[in-house]
Amino acid sequence: QVQLAESGGGLVQAGGSLTLSCAASGSILSINAMRWYRQFPGKQRELVATITGGSSTTYLDSVKGRFTISRDDAKNTVYLKMNSLKAEDTAVYYCNAEIMALFSDYYNYWGKGTLVTVSS
């Protein structure tokens, strides 16, 4: 069984920085793309950043230049470094990964989310 566990959320002042981590565990054979989403109250989740298996990255326009996604394949972990945080970045952040587990094809797994609160 595969699990994703996020960490690193919390309260930060506007202009500050946070780094989120998401570690995948279980009978993992391969990880393809890894992503970070966020969800505002009453809204659908939006895709914030993607990093492919080849480490190509894409970002939501509103976070370009402020957020950086990276991965450590040896640790099955994806990171989201968030700088110059704004109040409008306040949301629950979720990680998502395309993972091939033992006796399985690729499947999209989700973490439970971590709350980021930016005070203005």
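For the structure, check the block above.
Fair warning: this is a prediction, and the values are worked out from it, not measured in the lab.

Peer 1: Please clarify how the state of the cysteines should be interpreted in this entry.
Peer 2: Note on terminology: a disulfide is the covalent bond linking the sulfur atoms of two cysteines. Tallying each qualifying case throughout the model produces one disulfide. One disulfide bridge connects Cys22 with Cys95, the sulfur atoms lying 1.9 Å from each other. Here the S-S torsion is close to 40°, and the disulfide linking Cys22 with Cys95 is therefore right-handed. Placement of the pair is Cys22 in strand β3 (residues 18-25) and Cys95 in strand β9 (residues 91-101), with a sequence separation of 73 residues. For Cys95, a relative accessible area of 0% corresponds to the buried category.

Peer 1: It is not clear to me how the pairing of strand β7 (residues 67-72) should be interpreted in this structure. Could you clarify?
Peer 2: Walk down a regular strand and you will see the side chains alternate between the two sheet faces. Burial along β7 is one-sided: Phe67, Ile69 and Arg71 are buried, and none of Thr68, Ser70 and Asp72, which face the opposite way, are. Both β7 and strand β8 (residues 77-82) contribute to a ladder of six bridges, which runs antiparallel. When the bridges of β8 are listed, Thr68 appears paired with Lys81. Counting the residues between successive antiparallel strands, the hairpin from β7 to β8 contains four residues, one of them, Asn76, with a positive phi of roughly 50°.

Peer 1: Looking at this model, I keep getting lost on the side chain of Arg38. Mind explaining?
Peer 2: Tracing the sequence through the fold places Arg38 in strand β4 (residues 28-39). A polar contact is formed between the side chain of Arg38 and the side chain of Asp89, at a distance of 3.0 Å. Only 3.1 Å separates the side chain of Arg38 from the side chain of Tyr93, close enough to count as a polar contact.

Peer 1: How should I be thinking about the packing of aromatic side chains in this particular structure?
Peer 2: Each pair of aromatic rings is reported with the distance of its centres and the angle of its planes. On inspection of all chains with the given rule, the structure shows two aromatic pairs. Ring geometry for Tyr37 and Trp110: centres 4.8 Å apart, planes at 55°, overall tilted. Of the two residues, Tyr37 is situated in strand β4 and Trp110 in strand β10 (residues 106-110); the sequence distance between them amounts to 73 residues. Judged by relative accessible area, which is 17%, Tyr37 ranks as buried. With 5.0 Å between their ring centres and 75° between their planes, Tyr107 and Tyr109 make a pair best called edge-to-face. In this structure Tyr107 comes out as exposed when scored by relative accessible area, which is 51%.

Peer 1: Is there a simple way to explain a nonpolar patch on the surface in this structure?
Peer 2: Taken together, the side chains of Leu29, Leu102 and Phe103 present a nonpolar region at the surface, about 390 Å² in accessible area. Examined against the element boundaries, Leu102 turns out to sit in the loop between β9 and β10.

Peer 1: Which parts of the structure should I look at to understand the side chain of Arg35?
Peer 2: Within the secondary structure, Arg35 is located in strand β4. Setting aside its immediate chain neighbours within four residues, Arg35 contacts Leu47, Ala49, Thr50, Ile69, Tyr94, Cys95, Asn96, Glu98 and Asn108.

Peer 1: What exactly am I supposed to notice about the environment of Gly26 here?
Peer 2: Locating Gly26 in the fold gives a position in the loop between β3 and β4. Taking the C-alpha atoms as reference, Gly26 lies 9.1 Å from Leu4; in sequence the two are 22 residues apart. Contact partners of Gly26, with chain neighbours within four places excluded, come to Gln1 and Val2.

Peer 1: Can you walk me through unusual backbone geometry in this structure?
Peer 2: The general pattern is negative phi for most residues beyond glycine and trans for most peptide bonds. Of note, the phi angle at Ser55 is positive, near 70°, even though the residue is not glycine. Here Ser55 shows up in the loop between β5 (46-51) and β6 (57-59). On the accessibility criterion, Ser55 (43% relative accessible area) is partly exposed. The backbone of Phe103 shows a phi angle near 65°, a positive value even though the residue is not glycine.

Basis of the calculations
- Residues numbered from 1 in each chain as written.
- Predicted model: local features only at pLDDT ≥ 70, side-chain atom pairs only at ≥ 80, totals over all residues.
- Heavy atoms only, no water.
- Disulfide = S-S within 2.5 Å.
- Helix = DSSP H or I, 4+ residues; strand = E, 2+ residues; numbered from the N terminus.
- Buried < 20%, exposed > 50% of the residue type's maximum accessible area, 1.4 Å probe, protein only.
- Pairing = 2+ DSSP bridges.
- Polar contact = N/O pair within 3.5 Å; in protein donor to acceptor, adjacent residues only side chain to side chain.
- Phe/Tyr/Trp six-rings, centres within 6.5 Å; stacked < 30°, edge-to-face > 60°.
- Patch = residues over 30% accessible without salt bridge, like charges linked within 9 Å, V, L, I, M, F, W, Y side chains within 5 Å.
- Areas by Shrake-Rupley, 256 points an atom, 1.4 Å probe, with all protein chains shown as cover.
- Salt bridge = Lys/Arg side-chain N within 4 Å of Asp/Glu carboxyl O.
- Contact = heavy atoms within 4.5 Å.

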